[in-house]
Amino acid sequence: MAPSTGIDPAAQSLTLDSQTFREAMSRIAAAVHIVTTDGDAGRAGGTVSAACSVSDDPASILICLNRQSRLHAAVLKNRCFCLNTLSDDHQEMSDVFAGRESADMSGRFSHGSWTNLATGCPALDTARLSIDCEIFSVSEVGTHSIIVGTVTDLRMTDPGKSLIYVRRGYKSLDT
């Protein structure tokens, strides 16, 4: 018997283009969040999945936002954001903040109850986790900005089911 190469014979190399890359990225499961901001540029929010921790000293996280979005412009002008991690019963809210519904920016916030945290950014009262941040740095890569925020306030609930997005659909995961 020949030794295993560790390569799945069904795996194949593909031409790297934007459509193939988007399909590949759809296979990476990600928590679903609503990023919010408030300040001189006004209140804004949108659904994102590109977010992660950076450091615990100082406590910091990063989010990635498309530079053409209204949310991007508002976050940069307000110099703050709040990352709200959604529970598995927030699918409709995720769709509203993703722009899949016809709600304008103020109409989005009519869904759910919101409390302003230390920076003044809205935190969803029923979020699994809300992380309030002041912007520390911004880097541009391709169509997006990587925005690192220093944590100023934090709220979280007991463990439960979080909303996950993978293969262009919602799933639930105990977190």
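Residue positions are given per chain, counting from 1 as you read along its sequence in written order. Where local features are concerned, this predicted model is filtered to residues with pLDDT of at least 70; where side-chain atom pairs are given and counted, the filter is 80 or more; whole-chain, interface and lining totals use all residues. Just so you know, side-chain values use all the structure's heavy atoms and leave hydrogens and water out.

Here's the deal with the overall build of the protein chain
Inference 1: Helix and strand counts for the protein chain stand at 4 helices and 12 strands.
Inference 2: Dimensions of the protein chain, computed from the C-alpha atoms along their principal axes, are close to 65 × 40 × 35 Å.
Inference 3: A 1.4 Å probe rolled over the protein chains alone gives each residue an accessible area, and that area as a share of the maximum for its type sets the label: buried under 20%, exposed over 50%, partly exposed in between. Taken over 175 residues, the protein chain has a buried fraction of 36%.
Inference 4: For the protein chain, contacts bridging at least 24 residues in sequence account for 63% of all contacts bridging at least 6.
Inference 5: For this count, His and the chain ends are skipped, Lys and Arg are scored as positive, and Asp and Glu as negative. To locate a charge, take atom NZ for lysine, CZ for arginine, CG for aspartate or CD for glutamate. Treating the 15 positive side-chain charges of the protein chain as one cloud and the 20 negative ones as another, the clouds have centres 7 Å apart. Every helix listed is a DSSP run of H or I at least four residues long, and every strand listed is a run of E at least two residues long, numbered separately from the N terminus. Contacts between residues were defined by any pair of non-hydrogen atoms, one from each residue, lying within 4.5 Å.

Quick word on the layout of surface pockets
Inference 1: Both cavities and pockets are sets of points on a 1 Å grid over the protein atoms alone; in a cavity a 1.4 Å probe fits but cannot get out, in a pocket the set is open with protein on both sides within 12 Å along at least five of seven lines, and lining residues sit with an atom within 4 Å of a point. Grid points are joined across faces, edges and corners, and a volume is the space filled by probe spheres set on the points. Quantified by volume, the largest pocket comes out at close to 1,200 Å³.
Inference 2: What lines the largest pocket is a set of 35 residues, among which Met-25, Val-48, Ser-49, Ala-50 and His-144 lie closest to the centre.
Inference 3: Every element with two or more residues in the lining of the largest pocket is listed here: helix 1 (18-25), strand 3 (44-48), strand 5 (59-66), helix 2 (70-78), helix 3 (91-97), helix 4 (105-108), strand 10 (144-156) and strand 11 (161-166).
Inference 4: For the lining of the largest pocket, the per-class residue count stands at 18 nonpolar, 11 polar and 6 charged. Residues were grouped as follows: Ala, Val, Leu, Ile, Met, Phe, Trp, Tyr, Cys and Pro as nonpolar; Asp, Glu, Lys and Arg as charged; and all remaining residues, including Gly, as polar.

Quick notes on the environment of Gly-160
Inference 1: Looking at where Gly-160 falls in the secondary structure, it is placed in the loop between strand 10 and strand 11.
Inference 2: Placed 72 residues apart in sequence, Gly-160 and Asp-88 show a C-alpha to C-alpha distance of 8.8 Å.
Inference 3: In this structure, Gly-160 is in contact with Arg-128, Leu-173, Asp-174 and Thr-175, ignoring residues within four places of it in sequence.

Topic: the pattern of salt bridges
Inference 1: Salt bridge, as applied in this entry: a Lys or Arg side-chain nitrogen positioned within 4 Å of an Asp or Glu carboxyl oxygen. Taken as a whole and assessed by the stated rule, the structure comprises 8 salt bridges.
Inference 2: Here Glu-23 makes a salt bridge to Arg-168, at a shortest N to O gap of 2.6 Å. Of this pair, Glu-23 sits in helix 1 while Arg-168 is found in the loop between strand 11 and strand 12 (169-174), placing the two residues 145 residues apart along the sequence.
Inference 3: Residue Arg-168 is classed as partly exposed on the basis of its relative accessible area of 48%.

Quick notes on unusual backbone geometry
Inference 1: Residues Asp-57 and Pro-58 are joined by a peptide bond in cis, for which omega reads 5°.
Inference 2: Among the structural elements, Pro-58 can be located in the loop between strand 4 (51-56) and strand 5.
Inference 3: With phi around 65°, Arg-79 is a residue other than glycine that occupies positive phi space.
Inference 4: Within the fold, Arg-79 resides in the loop between helix 2 and strand 6 (80-85).

With respect to the sheet that holds strand 2 (residues 33-37)
Inference 1: Overall, antiparallel pairing links the 7 strands, which are arranged 3-2-6-9-10-5-4 in an open sheet. The sheet is open, and its two edges are formed by strand 3 and strand 4, each paired on a single side. Sheet twist, expressed as the mean angle between neighbouring strand axes with direction ignored, is 30°.
Inference 2: With 5 bridges connecting them, strand 2 and strand 3 associate as antiparallel partners. Each bridged residue has a counterpart across the sheet, and for His-33 the counterpart in strand 3 is Val-48.
Inference 3: The strands touched by helix 2 within the sheet are strand 2, strand 3, strand 5, strand 6, strand 9 (129-141) and strand 10, with strand 2 carrying the most contacts at an inclination of about 50°. Two strands form a pair only when DSSP identifies at least two bridges running between them. Helix axes are fitted to C-alpha atoms over the stretch in contact, other axes to C-alpha atoms as well, and angles between N-to-C directions run from 0 to 180 degrees.

As for the sheet that holds strand 1 (residues 30-31)
Strand pairs in the sheet, formed through backbone hydrogen bonds, run parallel or antiparallel to each other.
Inference 1: Pairing is antiparallel across the open sheet formed by 3 strands, whose spatial order is 1-11-12. For this open sheet the edge positions go to strand 1 and strand 12, each flanked by a neighbour on one side alone.
Inference 2: Where strand 1 lies against strand 11, 2 bridges are found, and the strand directions are antiparallel. Bridge pairing in strand 11 links Ala-31 to Ile-164.

Considering the packing of aromatic side chains
Centre distance and the angle of the planes are the two values used to describe a pair of aromatic rings.
Inference 1: Ring pairs are drawn from Phe, Tyr and Trp, using the six-membered ring of Trp, whenever the two centres fall within 6.5 Å, and their geometry is named by plane angle: stacked under 30 degrees, edge-to-face over 60, tilted for the rest. The tally for this structure, following the rule as stated, stands at 4 aromatic pairs.
Inference 2: Note on Phe-97 and Phe-109: the rings are 5.2 Å apart at their centroids and 90° apart in plane angle, and the pair reads as edge-to-face. Here the residue Phe-97 occupies a position in helix 3, and Phe-109 occupies one in the loop between helix 4 and strand 7 (114-116), the gap between them amounting to 12 residues. A single burial state applies to Phe-97 and to Phe-109, both of which are buried.
Inference 3: Relative to Trp-114, the ring of Phe-109 has its centre 5.0 Å away and its plane inclined at 65°; by these criteria the two rings are edge-to-face.
Inference 4: Through successive ring pairs, a cluster of aromatic residues spans Phe-97, Phe-109 and Trp-114.
Inference 5: Either the NZ atom of lysine or the CZ atom of arginine qualifies as a charge over a ring when it sits within 6 Å of the ring centre and within 35 degrees of the ring normal. Taking the ring centre of Phe-109 as reference, the NZ or CZ of Arg-43 above it sits at 4.6 Å.

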